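Examination of the molecular architecture
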Amino acid sequence: MRLYKDKSAIQAVGFQLEKPAATLVAKALQVYCFEPLDTEALNELPYEEDLGPGYCFATTGRGSWYWIAASDHRVDDSPVIFLDYDSGRSHGETVADSLDEFLNFPRLPMK
């Protein structure tokens, strides 16, 4: 997965991604940290029955996650879905059409 090849990205803590305002719900996406892609993390992270198999690859640190689809075979990039377990207002919103798009949003310090 491209995300885990970029060591500076996966080791970064506490930043926000700036995205085009016209295409997404919020103007900035807060990211506290990226989650490891290992069996332990997969077993402990939230599971969304309605979305099917997937993986919460990043968290806001406040009860919300960024999710992508996962499968046993290689597929094209999945949309990034915001799972808001804190307030529920944005739960299930698509924040990027692909992980690649999400990772290419400009990165800014957390406000």
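Attention here is on the structure that accompanies the text.

Procedures and definitions
Residues numbered from 1 in each chain as written. Predicted model: local features only at pLDDT ≥ 70, side-chain atom pairs only at ≥ 80, totals over all residues. Heavy atoms only, no water. Helix = DSSP H or I, 4+ residues; strand = E, 2+ residues; numbered from the N terminus. Buried < 20%, exposed > 50% of the residue type's maximum accessible area, 1.4 Å probe, protein only. Areas by Shrake-Rupley, 256 points an atom, 1.4 Å probe, with all protein chains shown as cover. Phe/Tyr/Trp six-rings, centres within 6.5 Å; stacked < 30°, edge-to-face > 60°. Pairing = 2+ DSSP bridges. Axes fitted to C-alpha atoms, helices over the stretch in contact; angles between N-to-C directions. Core = buried A, V, L, I, M, F, W, Y, C linked by side-chain atoms within 4.5 Å. Contact = heavy atoms within 4.5 Å. Polar contact = N/O pair within 3.5 Å; in protein donor to acceptor, adjacent residues only side chain to side chain.

1. Regarding the overall build of the chain
The helix and strand inventory of the chain stands at four helices and eight strands. Reading the secondary structure of the chain in the N-to-C direction produces α-α-β-β-β-α-β-β-β-β-α-β. Here the chain holds 111 residues, and 38% of them are scored as buried. In the form shown here, the chain has an accessible surface area of approximately 6800 Å², with 50% of it arising from carbon and sulfur atoms.

2. Digging into the environment of Phe 105
Looking at where Phe 105 falls in the secondary structure, it is placed in the loop between helix H4 (99–103) and strand S8 (107–109). C-alpha separation for the pair Phe 105 and Ala 28, spaced 77 residues apart in sequence, amounts to 9.6 Å.

3. Observations concerning the packing of aromatic side chains
Under the defined criterion, the tally for this structure stands at five aromatic pairs. With 5.4 Å between their ring centres and 90° between their planes, Phe 57 and Phe 102 make a pair best called edge-to-face. With Phe 57 in strand S4 (residues 54–59) and Phe 102 in helix H4, the pair connects residues that are 45 residues apart, well separated along the chain. Across the pair, Phe 102 and Phe 57 agree in class, each one buried.

4. A few points about the sheet that holds strand S1 (residues 15–18)
One open sheet accounts for three strands, arranged S2-S1-S8; its pairing is antiparallel. Two strands lie at the open edges of the sheet, namely strand S2 (28–31) and S8, each paired on one side alone. Direction aside, neighbouring strands of the sheet carry axes that sit 35° apart on average. Bridge count between S1 and S2: four bridges; the pairing is antiparallel. Paired with Phe 15 across the bridge in S2 is Val 31.

5. Digging into the nonpolar core
In terms of nonpolar packing, the biggest core is built from 18 residues, with Val 31, Phe 34, Phe 57, Tyr 66, Val 80 and Phe 102 touching the most fellow members. Going through the elements one at a time, S1, S2, S4, strand S5 (64–69), strand S6 (80–84), strand S7 (93–96) and H4 are the ones with two or more residues in this core. For Val 31, the residues in contact, after removing those within four places along its chain, are Gly 14, Phe 15, Gln 16, Leu 17, Ala 58, Thr 59, Tyr 66, Phe 102 and Met 110.

6. Section: the side chain of Thr 60
Inspection of the secondary structure assignment puts Thr 60 in the loop between S4 and S5. One polar contact links the side chain of Thr 60 to the main-chain amide nitrogen of Arg 62, over a distance of 3.1 Å. In this view, Thr 60 contacts Gln 30, Tyr 32, Tyr 66 and Phe 82; residues no more than four positions away in its chain are not counted.

7. Things to note about the sheet that holds S7
The five strands are arranged S3-S4-S5-S6-S7 in an open sheet whose pairing can be described as antiparallel. One side of each edge strand has no neighbouring strand; the edge strands of this open sheet are strand S3 (33–34) and S7.

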